[in-house]
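Residue-level structure breakdown
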Protein chains: 6
Amino acid sequence: MGSLIFSKTLFSKTNDKGETMKYRYSEMTWPECNAAAKAGRVAVLPVATYEDHGYHLPIDVDVLLATEICDRAVARIPEEAVLIPAVTHGYSPHHMDFPGTITIAWDTFIKYVKDVCLSLAHHGFTRILIVNGHGSNTSPLDMSARLTVVETEGRVLCAAVNHWGVRPVRELGKTLRDSEFGGTSHACEYETSLYLALRPDLVEMDKAVDEKIPVPASFQTDLLAGKRADGATANLMPFWSSLTDSGVRGDATKATVEKGEAFLEAAIEGVIELVRELKGAEIRPRQDHH
Amino acid sequence: MGSLIFSKTLFSKTNDKGETMKYRYSEMTWPECNAAAKAGRVAVLPVATYEDHGYHLPIDVDVLLATEICDRAVARIPEEAVLIPAVTHGYSPHHMDFPGTITIAWDTFIKYVKDVCLSLAHHGFTRILIVNGHGSNTSPLDMSARLTVVETEGRVLCAAVNHWGVRPVRELGKTLRDSEFGGTSHACEYETSLYLALRPDLVEMDKAVDEKIPVPASFQTDLLAGKRADGATANLMPFWSSLTDSGVRGDATKATVEKGEAFLEAAIEGVIELVRELKGAEIRPRQDHH
Amino acid sequence: MGSLIFSKTLFSKTNDKGETMKYRYSEMTWPECNAAAKAGRVAVLPVATYEDHGYHLPIDVDVLLATEICDRAVARIPEEAVLIPAVTHGYSPHHMDFPGTITIAWDTFIKYVKDVCLSLAHHGFTRILIVNGHGSNTSPLDMSARLTVVETEGRVLCAAVNHWGVRPVRELGKTLRDSEFGGTSHACEYETSLYLALRPDLVEMDKAVDEKIPVPASFQTDLLAGKRADGATANLMPFWSSLTDSGVRGDATKATVEKGEAFLEAAIEGVIELVRELKGAEIRPRQDHH
Amino acid sequence: MGSLIFSKTLFSKTNDKGETMKYRYSEMTWPECNAAAKAGRVAVLPVATYEDHGYHLPIDVDVLLATEICDRAVARIPEEAVLIPAVTHGYSPHHMDFPGTITIAWDTFIKYVKDVCLSLAHHGFTRILIVNGHGSNTSPLDMSARLTVVETEGRVLCAAVNHWGVRPVRELGKTLRDSEFGGTSHACEYETSLYLALRPDLVEMDKAVDEKIPVPASFQTDLLAGKRADGATANLMPFWSSLTDSGVRGDATKATVEKGEAFLEAAIEGVIELVRELKGAEIRPRQDHH
Amino acid sequence: MGSLIFSKTLFSKTNDKGETMKYRYSEMTWPECNAAAKAGRVAVLPVATYEDHGYHLPIDVDVLLATEICDRAVARIPEEAVLIPAVTHGYSPHHMDFPGTITIAWDTFIKYVKDVCLSLAHHGFTRILIVNGHGSNTSPLDMSARLTVVETEGRVLCAAVNHWGVRPVRELGKTLRDSEFGGTSHACEYETSLYLALRPDLVEMDKAVDEKIPVPASFQTDLLAGKRADGATANLMPFWSSLTDSGVRGDATKATVEKGEAFLEAAIEGVIELVRELKGAEIRPRQDHH
Amino acid sequence: MGSLIFSKTLFSKTNDKGETMKYRYSEMTWPECNAAAKAGRVAVLPVATYEDHGYHLPIDVDVLLATEICDRAVARIPEEAVLIPAVTHGYSPHHMDFPGTITIAWDTFIKYVKDVCLSLAHHGFTRILIVNGHGSNTSPLDMSARLTVVETEGRVLCAAVNHWGVRPVRELGKTLRDSEFGGTSHACEYETSLYLALRPDLVEMDKAVDEKIPVPASFQTDLLAGKRADGATANLMPFWSSLTDSGVRGDATKATVEKGEAFLEAAIEGVIELVRELKGAEIRPRQDHH
């Protein structure tokens, strides 16, 4: 018996004509890929990284969350979207004091994701949504998305979003969380809850900690509340091992399966919402003012 | 009679020992630069770009604002900070349909700013604050700041902030503005007001427009209110000429000198606040978990 | 009900002390990653690409084969090896005339894989085996492996191999195949058989073709027999669409589940053999002859 | 009262039709930039660096000189030229033993300046003159200028010159200087005189020195007389701190305001002369000899 | 009397019309280069490196062999081919413990050779054969060749081959050699024999050694027999100084002039064979499947 | 009979102890390379390019001249210098309208030459002289030389010179030439004379022309007299095909063997002079002023 790391369920569904539809790009034949592009489906690309997430979680938290959210979102709207295979090794040099972290040089990472997007653009996709699961990928992915727009001369719309940044998650975050500001930063109430909802067998909740070593305002992060408690937007990221002992920043002990399922549903809805916004977006043509 | 584009006023002040203090790095001799680094003063680096800002403003809006805010802020606290000469050519490929725009390739720009910061680090500065005046520089400068931290192995704290993102400006923005969401995006109520406060002779208010062509939520930007009206954080930037005819997005007609002076004061206070936070920041040492 | 693309089976097994052992790096916590490196386990990294594989196979053939072979091989010897998460987007510019293909610029791809390896080296892994599933990745991965050796000053042994190049597969290929030279080039008897053994639900054998458009000797490839029929080793690769209409080169119609299972077993054994060779390899120290 | 580092004087003048003309690109609106390019005005770009200039001069000598010479030259001929905002951080790795020096990696610097020029070319400027104030920028700027020509397929003429290399300065140098060969190398009779003419308030002449540590012929430099006393043209540049204690090479004590004013006038005339030569230059079209 | 390192013999021959034909690109005028390209002659580019080759051979073994084989091959078929000036500094970082080795960074080397090929393509050559004399150049040159194909959109066929990999040499190797597997790896029976046939005055056979320090199968190389004794194709290259004391791997003592002359003739025939295959190769046009 | 493009003469000479000395690096064994570095011999590296040189000269003029001058110079002083194998493909994008030209991207070329120099530095050479034969290589080679100094932290002195720029050639140029300013620019009186002295069999003097199409002062070049007739030093280089029809700029008809022999001797003497200056140069240690 084999290990088969790709599941066989849900890889397709029946469209309104009674035909089976695949939604995973990887499982399509090349003519099916061609048809998906021609049909105007939005390409959804999960991106993440591997890094320490406390004593209680595996290093693949960012990967599992981004990938599962996208897979489930796209599975619900196969006529409208296609799931692109994830880029799972990202940008995380400041975590390298912790074993397990894999990091790619910033420019290599930006170009790698850009090349995935440009390949899709080459095949006719005109709407691409990058869904990110790792905070420090945010600026690099903004670059990848912008370069995709620029290098296609504006023919392709490419957007990047963090799954904790979509509207429904941000709204849910205002009420569902139990921790205070700083409680949902990394391997925290939010991420642990989601992981519990997806792979409870890999979570050791007895090792979960509440670690919130005080830091200056500029070093504060909170996924759900916005970057800083004071509302300013300064970016500053010291080495992670100077900010935490366990790898956690936030309160992982507040995590529950129930919260995870609610956040998961909100994230899925948020991705679907953005897919539809992108799909429907019409923008005016460029004008040459010279 | 000369043109002297560097003014002679305020280049120094008297410190508490009665000695004259220079605050502009460019005007110091090399032993003075050495002393400034040894004294633990924070290096403040303005960064911006040149690009279209409507019919009523010159292309140097981002440069003038970032530079003047920093110059005035540092001039008030010469014992605590040093003004580093600005990097004025930034990242703006999506504005190239408009004459005047100068844009630097993304990786060249990131490395250029990083090299300025690493030069300062080489000379002993351990606290660097990048103050940005151009929205599309945000992600590149986040990269430059992070690379400075990483390549100095964490010995240097380097932060990046947009002047409209500092706490006092964000707070003031809630009450002072007259335009609605979307009114302070580009060459807008906020930027025009600031320019009026600094160089009224170069503003042609009779050519100021209120241009807010409707766009999908993902394309919305508002400097003072945050990116999108719906609270999500997706990043997407089409070519500028597809979003505006004049170059303006927002309501420039709402700009006044008075607002400009108030925002200028808030921005100066915000920079000073961040300088002091950086200067006082002590972080725990890195730990090697291998 | 969820889509969970990561299976829950076989992610761990019991070692000789009766303890459960994880073999997938992605599922480990950071202290477990640390322990795996300290235990001297060999890091096994699958690499592949997405590209056209005829009308009868999905575009993820190279990914599925490389990943499953490695996953199963490592699952059998968790004390000796660790499965590193795959790099699945590779180098395939000459396939871009076919929809579905994703290609990464050569130098970006080489550096990306190198950075994964250097991250592992940073955490103490000293033996890394890259297992490749895509022919045109061969030279780039040779570069990645060599750069890993060079940049670690020889402290790390990093080897790269194609799964069809391991000893047991090459030996089996001499007897098991039914096609002649050129029959196992791409989406062919070999690859289709393996895919049938892994995901028969995704194979449409009625669309499988036997396509062997005659080409000069230098353009010939055969995975199992070696590059050229004449034994020379010239490398030349024109655009794929000039060599095939369907995307297939070789005889896909000769593929069977039985052959696939036999090749799969041979490939697994080959990977295990190489892991053990690498693990046992002791080399003399470097000498400085200056 | 503000610090306003950009002066308000001379930013425009009246052209022969009685209209006001701006000559600084930075102060133009985008339609004005467009008109300037269409009018065939020559783009004049000052480039320099920040580095030690002895005990008696600030680190911005190269910046102030290049920028002021260009500003004054262009102000005199606004119908013919436009002043582009300066690139002030240049290439000076060999000065990094001296505090204050800022250096940009060679290829980053070359590309940065090239991108400024290509942006101008994109907007229709066909004649660009780079005026350099820092010796070690010479080769990088030659590269930037050539790349501008090559990447525009020859549609743009881009030249680079050092301000001490223009004809009138070289001629004046034969008679006006009081020091012997080697006396005008760095922070010397020439540079100090010019700075005295521009910002006497920042010069501490009592700290000026005459430092000419003997070096082999290949290491000799003299701005006004040409590189070496023996007339050969070998390029060799050791670390600056091995050639001088104060940072000065040459005789700063010979500097006077009067010499500075004369050299300033000569440099201004030299820039104007080159602008006019570039503006009038017609070259034959390219021929394809294949 | 002069040193003239370029010989005067054989630089041309009489073609079938009685006209003198040059076969060395370097000795042609530009109109002759143009005519050579238009005539469809194949460009043959030798590439090698300088590195230690035992106590008995100079460091230029790879250069002399590749260059002489190509020169003699092309001299025999001037109507069909042109000898391009060699690229002699290659990729050999793992030999740097041995004095004499010159190594170029991998990406610089790949791009350098690619630029030579693209220059030839620009002038109309459509068939390029790279003939390599250094094992570790193999993957980089495969990249250079592929990039040439890709960047010319498939208009140019560019192949790369090692001289020991051409058909006649491989066949001869089965019978002519006296050493066992591993005997022809580096500075060995094969290379020494060839050098003896070309420059016996530079060979000190009394210093030739038989050095075959046992290594794991993956580290084994044999130029004539294929990489590994077990038939697998794993690539792994440790630092050379850990594999040999003298620089030799193999049995140099088995080398003779007679073997060298036979291998030389076989290599020349092999290059000619490949030139003709390339020249005659017609491939089908690309098809866009979108 | 073979083609042997490397001559056998003069590769060694007898030193003062009666031992034979090799002077060509390429012909040394690795222990001999080691001894040469330890003996403090200066590494002399010829660099050039291939490009059109009129109807009367082959494309290898720059290569033959630089290589022969260096070979003969080093052959005379083997105790003091070593001849490094030439880098013959250089930077010449503006000549690509002429068949035959080979050009390497600017940054690739700079890094390639730098890597040759750094390899030599790694082996202990501390004095390197680059002798250039191609005008447009001047700035790139200045960069390579400087980077060698910088990346070795000043332990290595690396200088670059053009053979027409050495003192004896410049002095001889004042009297020996018959053409006026502009007569010795490219494929001209100077280069043709030298080629006549070295390989008269390859020169077709009946095809030599006198071509001096008038150009603005900034475009003027004259190898022997300095760049411009007016003494200024502006750098500007349009595409070559816009400046000449034949490829020649200057008066090739004035060339004679006698002049060539005289210039050859002067160039050899100039190289020897620079080798000795470099070898004898002692510079003060660096000082850290922080």
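Residues numbered from 1 in each chain as written. Chains lettered and ligands numbered in written order. Predicted model: local features only at pLDDT ≥ 70, side-chain atom pairs only at ≥ 80, totals over all residues. Heavy atoms only, no water.

**Side note on the interface of chain D and chain B**
Across the boundary between the two partners, chain D contributes 70 residues, which contact 70 residues of chain B. Interface of chain D and chain B: buried area, both sides summed, is about 6,000 Å²; carbon and sulfur atoms make up 63% of it. Viewed at the interface, chain B and chain D are joined by 20 residue pairs in polar contact (both at pLDDT 80 or more). At the level of elements, helix 1 (30–38), helix 2 (61–76) and helix 3 (106–122) of chain D are the ones that each hand at least two residues to the side of chain D that touches chain B. The leading source of residues in the side of chain D that touches chain B is helix 3 of chain D, at eight residues. Of the residues in the side of chain D that touches chain B, the class split is 34 nonpolar, 20 polar and 16 charged. (Contact = heavy atoms within 4.5 Å. Buried area = accessible area lost by both parts, 1.4 Å probe. Polar contact = N/O pair within 3.5 Å; in protein donor to acceptor, adjacent residues only side chain to side chain. Helix = DSSP H or I, 4+ residues; strand = E, 2+ residues; numbered from the N terminus. Nonpolar A, V, L, I, M, F, W, Y, C, P; charged D, E, K, R; others polar.)

**Some points on the side chain of Thr-103 of chain A**
With respect to the secondary-structure elements, Thr-103 of chain A resides in the loop between strand 4 (81–83) and helix 3 (106–122). Residue classification places Thr-103 of chain A among the buried residues on the basis of a relative accessible area of 12%. Other than its neighbours up to four places away in sequence, Thr-103 of chain A contacts Gly-90, Tyr-91, Ser-92, Pro-93 and Met-96 of chain A together with Asp-115 and Ser-119 of chain C. (Buried < 20%, exposed > 50% of the residue type's maximum accessible area, 1.4 Å probe, protein only.)

**As for the sheet that holds strand 4 (residues 81–83) of chain F**
Residue and element names in this part refer to chain F. With respect to topology, four strands assemble into an open sheet ordered 4-3-5-6, the strand pairing being parallel. Of all the strands in the sheet, just strand 4 and strand 6 (157–162) have a single pairing partner and so form its edges. Each strand axis lies, on average, 25 degrees off the axis of its neighbour in the sheet, ignoring direction. Two strands pair when backbone bridges link them, and strand 5 (residues 127–132) and strand 6 are joined in this way by six bridges, in the parallel orientation. Within the sheet, the bridge partner assigned to Arg-127 lies in strand 6 and is Leu-157. Sitting on the sheet, helix 2 (residues 61–76) touches strand 3 (42–47), strand 4 and strand 5, and the angle it makes with strand 3 is about 160 degrees. (Pairing = 2+ DSSP bridges. Axes fitted to C-alpha atoms, helices over the stretch in contact; angles between N-to-C directions.)

**Considering the packing of helix 5 (residues 167–176) of chain B against helix 7 (residues 257–280) of chain B**
Residue and element names in this part refer to chain B. Following both chains from N to C, one finds helix 5 and helix 7 inclined at 150 degrees, their axes separated by 7 Å at the closest point. Looking at the two axes, helix 5 sits roughly antiparallel to helix 7. Side by side, helix 5 and helix 7 meet where Arg-167, Pro-168, Val-169, Leu-172, Gly-173 and Leu-176 of the first sit next to Lys-259, Ala-262, Phe-263, Ala-266, Ala-267, Glu-269, Gly-270 and Glu-273 of the second. Its residues assigned to classes, the contact of helix 5 with helix 7 comprises eight nonpolar, two polar and four charged. (Parallel < 35°, antiparallel > 145°, perpendicular 65-115°, else oblique.)

**Digging into the relation of the copies chain D and chain B**
If you rotate chain D by 180 degrees and push it 0.0 Å along the axis, it lands on chain B with an RMSD of 0.0 Å. Between the two chains, the operation in question is that of a two-fold axis. Comparing interface residues between copies, 100% of those in chain D also sit at the interface in chain B, which points to an isologous, same-surface contact. (Least-squares fit on C-alpha atoms with pLDDT ≥ 70 in both.)

**Structural notes on the pairing of strand 3 (residues 42–47) of chain A**
Residues and elements named next belong to chain A. With six of its six residues buried, strand 3 lies for the most part within the structure. The β-α-β motif built from strand 3, the intervening helix 2 (residues 61–76) and the parallel element strand 4 has right-handed crossover chirality. Two elements, strand 3 and strand 5 (residues 127–132), share five bridges in a ladder whose sense is parallel. By the bridge assignment for strand 5, Val-44 is matched with Leu-129. (Right-handed = clockwise from strand over helix to strand, strands pointing away.)

**Points about the packing of aromatic side chains**
Each aromatic ring pair is specified by the distance between its two centres and by the angle formed by the two planes. For the coordinates displayed, the defined rule picks out 30 aromatic pairs over all chains. Here Phe-98 of chain A and Trp-30 of chain C contribute two aromatic rings whose centre-to-centre distance is 5.1 Å and whose plane-to-plane angle is 70 degrees, an arrangement assigned as edge-to-face. Of this pair, Phe-98 of chain A sits in the loop between strand 4 and helix 3 while Trp-30 of chain C sits in helix 1 (residues 30–38), placing the two residues on different chains. Residue Phe-98 of chain A shares its accessibility class with Trp-30 of chain C, and that shared class is buried. With centroids separated by 6.1 Å and ring planes inclined at 65 degrees, the aromatic side chains of Tyr-25 of chain E and Phe-125 of chain E adopt a geometry described as edge-to-face. Of this pair, Tyr-25 of chain E sits in the loop between strand 2 (20–22) and helix 1 (30–38) while Phe-125 of chain E sits in the loop between helix 3 (106–122) and strand 5 (127–132), placing them 100 residues apart in sequence. (Phe/Tyr/Trp six-rings, centres within 6.5 Å; stacked < 30°, edge-to-face > 60°.)

**Describing unusual backbone geometry**
Not every positive phi belongs to a glycine, and Glu-153 of chain C is a case in point at roughly 60 degrees. Tracing the chain through its elements places Glu-153 of chain C in the loop between helix 4 (138–151) and strand 6 (157–162).

**Here's the deal with the environment of Trp-164 of chain C**
Looking at where Trp-164 of chain C falls in the secondary structure, it is placed in the loop between strand 6 and helix 5 (167–176). Ignoring anything within four residues of it in the chain, the contact list for Trp-164 of chain C reads Asn-132, Gly-133, His-134, Gly-135, Val-169, Arg-170, Tyr-190, Leu-223 and Leu-224 of chain C.

**Some points on the packing of helix 3 (residues 106–122) of chain B against helix 4 (residues 138–151) of chain B**
All names here are of chain B. Following both chains from N to C, one finds helix 3 and helix 4 inclined at 40 degrees, their axes separated by 8 Å at the closest point. With respect to helix 4, the element helix 3 is oriented oblique. Two packed elements cross with a definite hand, and for helix 3 against helix 4 that hand is right-handed. On the side of helix 3, the interface is formed by Phe-109, Ile-110, Val-113, Lys-114, Cys-117 and Leu-118, while helix 4 contributes Pro-140, Leu-141, Met-143, Ser-144, Leu-147, Thr-148 and Glu-151. Here the contact of helix 3 with helix 4 is composed, by residue class, of nine nonpolar, two polar and two charged. (Left-handed = near helix turned anticlockwise from the far one by under 90°.)

**Topic: the pairing of strand 6 (residues 157–162) of chain D**
Each regular strand shows side chains that alternate between the opposite faces of the sheet. Residue and element names in this part refer to chain D. Counting buried positions along strand 6 gives six out of six residues, so the element sits mostly inside the fold. Of the two faces of strand 6, both are covered, the one formed by Leu-157, Ala-159 and Val-161 as well as the one formed by Cys-158, Ala-160 and Asn-162. Remark: the strand 5 (residues 127–132)/helix 4 (residues 138–151)/strand 6 crossover connection has right-handed handedness.

**Overview of the environment of Ser-246 of chain D**
Mapped onto the elements of the fold, Ser-246 of chain D is located in the loop between strand 8 (210–211) and strand 9 (249–251). Under the relative-accessibility criterion, Ser-246 of chain D is labelled buried at 3%. On a C-alpha basis, the gap between Ser-246 of chain D and His-56 of chain D in space is 9.5 Å, while along the polypeptide they are 190 residues apart. Ignoring any residue separated from it by four or fewer positions in sequence, one finds Ser-246 of chain D in contact with Trp-30 of chain B together with Gly-54, Tyr-55, Phe-98, Val-209 and Glu-211 of chain D. Within the structure, the side chain of Ser-246 of chain D is placed 2.5 Å from the side chain of Glu-211 of chain D, a separation counted as a polar contact.

**As for the arrangement of the chains**
Separated without contact, chain B and chain E have their nearest C-alpha atoms at a distance of 18 Å. The two units chain A and chain F never meet; even their closest C-alpha atoms stay 18 Å apart.

**Considering the sheet that holds strand 7 (residues 184–186) of chain D**
Residues and elements named next belong to chain D. Across the sheet, which stays open at both edges, the three strands sit in the order 7-9-8 with antiparallel pairing between neighbours. Every interior strand has two partners, whereas the edge strands, strand 7 and strand 8, have only one. By the bridge criterion, two bridges tie strand 8 to strand 9 in an arrangement that is antiparallel. When the sheet's bridge partners are listed, Glu-211 is paired in strand 9 with Gly-250.

**Things to note about the side chain of Asp-222 of chain D**
Residue and element names in this part refer to chain D. The topology assignment puts Asp-222 in the loop between strand 8 and strand 9. Within the local environment of Asp-222, its side chain forms a polar contact with the side chain of Arg-177, the two groups lying 2.8 Å apart. A distance of 3.3 Å separates a polar atom in the side chain of Asp-222 from the backbone nitrogen of Gly-183.

**Here we look at the confidence of the model for chain A**
Residues and elements named next belong to chain A. Mean pLDDT over chain A: 92, with 91% of residues reaching 70 or higher. Confidence drops under pLDDT 50 across residues 1–11; counting only partners more than four residues distant or on other chains, this segment forms 53 contacts. Here the predicted complex scores 0.96 on pTM and 0.94 on ipTM. (pLDDT = per-residue confidence, 0-100.)

**Some thoughts on helix 5 of chain C**
Residues and elements named next belong to chain C. For helix 5, the set of buried residues is Pro-168, Val-169 and Gly-173. Taken around the axis of helix 5, the buried residues stretch over an arc of 135 degrees, which confines them to a single face. Residues of helix 5 that are exposed and point over 90 degrees away from its buried face: Lys-174 and Thr-175. Residues of helix 5 that are buried sit in contact with helix 6 (189–198) and helix 7 (257–280). (Arc of directions from axis to C-beta.)

**Considering the pattern of salt bridges**
Two side chains that carry opposite charge are able to pair once their charged atoms sit near each other. Per the counting criterion, the structure on display carries 126 salt bridges over all chains. Notably, a salt bridge pairs Arg-286 of chain E with Asp-97 of chain C, separated by 2.8 Å at the nearest N-O pair. Linking Arg-286 of chain E in the segment after helix 7 (257–280) with Asp-97 of chain C in the loop between strand 4 (81–83) and helix 3 (106–122), this pair reaches from one chain into another. When its relative accessible area of 7% is taken as the criterion, Asp-97 of chain C is described as buried. Bridged by salt links that share partners, the residues Arg-24, Glu-27 and Asp-71 of chain A together with Arg-199 and Asp-201 of chain C form one connected network. (Salt bridge = Lys/Arg side-chain N within 4 Å of Asp/Glu carboxyl O.)

**Observations regarding helix 2 of chain F**
Taking 1.5 Å per residue, 16 residues should reach 22 Å; helix 2 of chain F reaches 23 Å between its end C-alpha atoms and fits that length. Judged by how many residues are buried, helix 2 of chain F sits mostly within the fold: 15 of 16 residues are covered. (Expected span 1.5 Å × (residues − 1).)

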